[in-house]
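# Understanding the architecture of this molecule
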Amino acid sequence: MSDYRRVVVTGLGAMTPLGKNVADTWNAMKDGKNGIAPITLFNTDNFKAKLAAEVKDFDPRQYFEPNDVNRTDRYAQFAVAAAQEAVEDSGVKGTVDPDRFSVIFGTGIGGINTFEAEHTKLMEKGPRRVSSLFIPMMIGNMASGLIAIRHDCRGTAMPAVTACASGSDAIGEGMRLIRHGYADAVISGGAEAAVVPCAIAGFINMKALSTAENPDEASLPFDSRRGGFVIGEGSVALILEEYEHAKARGAKIYGEVCGYGSTCDAYHITSPHPDARGGAQAMINAMKEAGYSDKDLVYVNAHGTGTPMNDSVETLAIKKALGEENARKAFVSSTKSMTGHMLGAAGAIEAMACLFALNEGIIPPTINLKEQDENCDLNCVPNTAVKADITLALSNSLGFGGHNACLAFRKV
C-alpha cells in the first residue's frame with residue numbers, strides 16, 4: 001500500500017440557496033447574489049430571527065420514488081440530490097471496484113426536521129403515533145447510507161459530524177482514505193436542513209443569529225455592523241478520486257485536494273480560542289501538506305460567519321498561518337454573505353467555491369461589506385468578484401466544540 005497517492009476532484013453536485021445545481025450556484029456566487037430571504041418553512045411571528053438561506057422550490061420527487069419521500073429527512077434528500085449530480089458529472093460509476101468506492105458525508109445536526117415532527121406527535125397524540133421510521137430518518141449517518149445504497153459504494157460509508165466543520169472534515173477524511181490506499185474514489189461533502197423552529201429558537205437564545213430583517217443587512221462577515229450568522233441549508237457533493245485512476249479514464253479534473261488540517265481548540269464548546277491557536281494550526285498543517293511557499297498567490301475562503309468574535313479571531317488565524325505580510329497579499333472572502341451558514345454543508349460549498357476560483361481565476365466576493373471592521377483588516381474582496389490567478393486555495397471551517405478544518409486545493 002502506497003504511503004502517498006494524489007487525490008483529485010472529478011465531479012461536483014449542488015443543491016443550495018443559490019441554485020439547484022452546480023452551474024447556477026457558482027454563477028450566482030460570482031455575481032454576488034444574495035440567497036437570504038424571509039423564512040417560508042414555518043411561521044416566524046414569535047421569533048426574533050426571521051431570515052434564512054433556504055433551498056427554493058426543492059422537489060424531492062425528482063430524486064425519490066413517492067413512497068420514499070416520506071421515509072427520508074430533508075437533509076438526506078439534499079445529500080442524495082447533490083450526490084446524484086456529482087456522480088453523473090464525474091462519470092466515475094462503473095469504473096471503480098464497489099469495495100473500493102466509499103462515502104464520507106458530513107452533517108452537523110442530521111434529521112432535525114424529523115426529530116421535531118415526531119416529538120410533536122409524541123407530545124400531542126401519544127407514542128403509538130410516532131413513525132416506525134423515526135430513528136433511521138433522524139440519524140446523522142443516513143445521508144451517507146442512502147448515497148452508498150444508491151451508488152453501490154461498499155467501502156467505508158460514514159458521516160463526519162463536527163458541527164460547522166463537518167463538510168470540510170468529510171472531504172479531508174475522504175482524501176486520506178484514498179491517499180493511504182483504502183479507497184479509489186469517495187463521494188464526500190455535506191448536507192444540512194435545520195431551518196426548523198426548535199433549531200432557530202436555540203440559536204436565537206444563544207445570541208448566535210442575526211435578528212436583522214433586511215436580507216442585505218443580515219449576513220455581514222468582517223463588517224463592523226455584524227450581529228450573528230444567518231442559517232442556511234442545502235448540500236454540495238464532491239467526487240474524490242485517485243489521480244492515476246482519474247487520468248487513466250480521461251476524467252475531467254477540477255483540481256487537487258493537496259492538503260488537510262484538522263485540529264481542536266480544546267478550549268470552549270462555542271467560542272474559538274482568543275489566540276486562534278486551533279484555526280491557525282489547521283491552516284499551517286494544510287499549507288505544509290500542500291507545499292506552500294511565499295511565491296504562492298493565495299485565496300482563503302474564510303469560515304466568516306458574521307459573528308463578532310469568529311471573524312476577528314479568524315483574521316488572526318490567517319495572519320498567524322500566512323505571516324502578516326503574506327496575509328495582506330492574500331484574497332480572503334466569505335461566501336456565507338450569500339449562502340448563509342449551511343452548517344454541516346458549509347465546508348462543502350466553500351470547497352466548491354475554491355475549485356472554481358482556481359479554475360476560472362475569479363474570487364467570489366463578500367457581499368454587503370460596507371463598513372469593514374478594523375480587526376478584520378485583510379483584503380476581504382468587498383461586494384464584487386475580482387480576477388486573480390491564484391495558485392493555492394484554502395477553505396476554513398471552524399465549528400462548535402472547537403473543531404477546526406482547513407482544506408488546500410491546487411490546479412492539476
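Just above, that's the structure.
What comes next concerns the included structure. (Residues numbered from 1 in each chain as written. Predicted model: local features only at pLDDT ≥ 70, side-chain atom pairs only at ≥ 80, totals over all residues. Heavy atoms only, no water.)

In this section: the nonpolar core. Nonpolar side chains in soluble globular proteins tend to end up buried together. Of all hydrophobic cores here, the largest spans 49 residues; its most connected members are Leu 12, Leu 238, Leu 240, Ile 390 and Phe 409. Secondary structure elements with two or more residues in this core: β1 (7–15), α1 (22–30), α7 (166–179), β7 (234–242), β8 (255–264), α14 (346–360) and β14 (403–410). It is α14 that contributes the most residues to this core, ten residues altogether. In contact with Leu 12, not counting residues within four places along its chain, are Val 22, Glu 85, Ala 86, Asp 89, Ala 237, Leu 238, Tyr 254, Met 352, Leu 355 and Phe 356. Ranked by size, the runner-up nonpolar core spans 32 residues in total, among them Phe 58, Val 92, Met 142 and Ile 239. (Core = buried A, V, L, I, M, F, W, Y, C linked by side-chain atoms within 4.5 Å. Buried < 20%, exposed > 50% of the residue type's maximum accessible area, 1.4 Å probe, protein only. Helix = DSSP H or I, 4+ residues; strand = E, 2+ residues; numbered from the N terminus. Contact = heavy atoms within 4.5 Å.)

This part is about the sheet that holds strand β6 (residues 185–192). Think of a sheet as strands paired side by side through backbone hydrogen bonds, with each pair either parallel or antiparallel. The strand order across the open sheet formed by ten strands is β5-β4-β6-β7-β1-β8-β14-β13-β9-β10, and the pairing between neighbours is mixed. Every other strand in the sheet has two partners, leaving β5 (157–160) and β10 (331–333) as the edge strands with one partner each. Ignoring strand direction, the axes of neighbouring strands in this sheet form an average angle of 25°. Two strands pair when backbone bridges link them, and β1 and β8 are joined in this way by two bridges, in the antiparallel orientation. Following the sheet pairing, Val 8 is matched in β8 by Glu 256. Most of the contacts of α14 go to strand β13 (residues 392–399), to which it runs at about 170°, and overall it touches β1, β6, β7, β8, β9 (298–301), β13 and β14. (Pairing = 2+ DSSP bridges. Axes fitted to C-alpha atoms, helices over the stretch in contact; angles between N-to-C directions.)

As a further point, take the pairing of β7. β7 sits mainly inside the fold: nine of its nine residues count as buried. The alternating pattern of β7 places Gly 234, Val 236, Leu 238, Leu 240 and Glu 242 and Ser 235, Ala 237, Ile 239 and Glu 241 on opposite faces, both of which are buried. The pairing of β6 with β7 spans eight bridges and is antiparallel. In the sheet register, Gly 190 faces β7, and the bridge partner there is Val 236.

Next up on the list: the layout of surface pockets. If you roll a probe as big as a water molecule over the atoms, it shows you where there is empty space left. In this structure, the largest pocket encloses a volume near 430 Å³. Thr 270, Pro 272, Thr 307, Asn 310 and Phe 400 are the residues nearest the centre of the largest pocket, which is lined by 24 residues in total. Put simply, the parts of the chain that give the lining of the largest pocket at least two residues each are α11 (308–322), β13 and β14. Sort the elements by how many residues they give to the lining of the largest pocket and α11 lands first, with three residues. Along the lines of polarity and charge, the residues of the lining of the largest pocket split into eleven nonpolar, eleven polar and two charged. (1 Å grid on protein atoms, 1.4 Å probe; cavity = no way out; pocket = protein on both sides within 12 Å on 5 of 7 lines; lining within 4 Å. Points joined across faces, edges and corners; volume = space filled by probe spheres on them. Nonpolar A, V, L, I, M, F, W, Y, C, P; charged D, E, K, R; others polar.)

Phi at Ala 163 takes a positive value of approximately 55°, unusual for a residue other than glycine. Although it is not a glycine, Lys 207 sits at a positive phi angle of roughly 60°. Along the chain, the position of Lys 207 falls in the loop between α8 (197–205) and β7.

This part takes up empty space enclosed by the protein. In total, this model carries two cavities of 30 Å³ or more according to the counting rule given. Around the largest cavity, the lining residues are Asp 265, Pro 272, His 273, Ala 276, Arg 277, Gly 278, Gly 279, Val 313, Glu 314, Ala 317, Leu 398 and Asn 404. Put simply, the parts of the chain that give the lining of the largest cavity at least two residues each are α10 (277–289) and α11. Grouping the constituent residues of the lining of the largest cavity by class yields five nonpolar, four polar and three charged. Taken as a whole, the second largest cavity spans an internal volume of roughly 30 Å³. Lining of the second largest cavity is provided by Ala 49, Leu 51, Leu 209, Ser 210, Phe 229, Val 230 and Ile 231.

What follows deals with the packing of helix α3 (residues 74–90) against helix α6 (residues 142–151). Angle between the axes and distance between the axes: these two values describe a pair of packed helices. It is the contact of α3 with α6, at a shortest axis distance of 9 Å, that shows an interaxial angle of 40°. With respect to each other, α3 and α6 are oriented oblique. Considering how the two elements wind past one another, α3 and α6 form a crossing that is right-handed. Residues Tyr 75, Ala 76, Ala 79, Val 80, Ala 83, Gln 84 and Val 87 of α3 pack against Met 142, Ala 143, Leu 146, Ile 147, Arg 150 and His 151 of α6. Residues that form the contact of α3 with α6 fall into these classes: ten nonpolar, two polar and one charged. (Parallel < 35°, antiparallel > 145°, perpendicular 65-115°, else oblique. Left-handed = near helix turned anticlockwise from the far one by under 90°.)

With that out of the way, let us pick up the environment of Phe 134. Relative to the helices and strands, Phe 134 is located in helix α5 (residues 134–138). As a C-alpha pair, Phe 134 and Phe 115 span 19 residues in sequence and 7.3 Å in three-dimensional space. Not counting residues within four places of it along the chain, the set of residues in contact with Phe 134 comprises Thr 114, Phe 115 and Glu 118.

With that settled, consider the pattern of salt bridges. Under the counting rule described, the total for this entry stands at 24 salt bridges. The partner of Arg 61 in a salt bridge is Asp 59, and the shortest N-O contact between them spans 3.0 Å. Taking the relative accessible area as the measure of exposure, Asp 59 reaches 23% and is therefore partly exposed. Residue Asp 184 is joined to Arg 100 by a salt bridge in which the shortest nitrogen-to-oxygen separation is 2.7 Å. Highlighted residues: Asp 184 in the loop between α7 and β6 and Arg 100 in the loop between α3 and β4 (101–106), separated in sequence by 84 residues. (Salt bridge = Lys/Arg side-chain N within 4 Å of Asp/Glu carboxyl O.)

Right, let's get into the packing of aromatic side chains. Summed over the entire model, instances satisfying the criterion amount to seven aromatic pairs. The interplanar angle of 65° and the centroid separation of 4.8 Å between the aromatic rings of Phe 58 and Phe 78 together place this pair among those described as edge-to-face. With Phe 58 in the loop between β3 (51–52) and α2 (66–69) and Phe 78 in helix α3, the pair connects residues that are 20 residues apart, well separated along the chain. Of the two residues, Phe 58 and Phe 78, both sit in the buried class. Ring geometry for Tyr 254 versus Phe 356: centroids 6.0 Å apart, planes at 70°, classification edge-to-face. You can see Tyr 254 sitting in the loop between α9 (243–248) and β8 and its partner Phe 356 sitting in helix α14, a full 102 residues away along the chain. Residues Tyr 254 and Phe 356 agree in their burial class; the two are buried. Taken together through their ring pairs, the aromatic side chains of Trp 26, Tyr 254 and Phe 356 make up a single cluster. (Phe/Tyr/Trp six-rings, centres within 6.5 Å; stacked < 30°, edge-to-face > 60°.)

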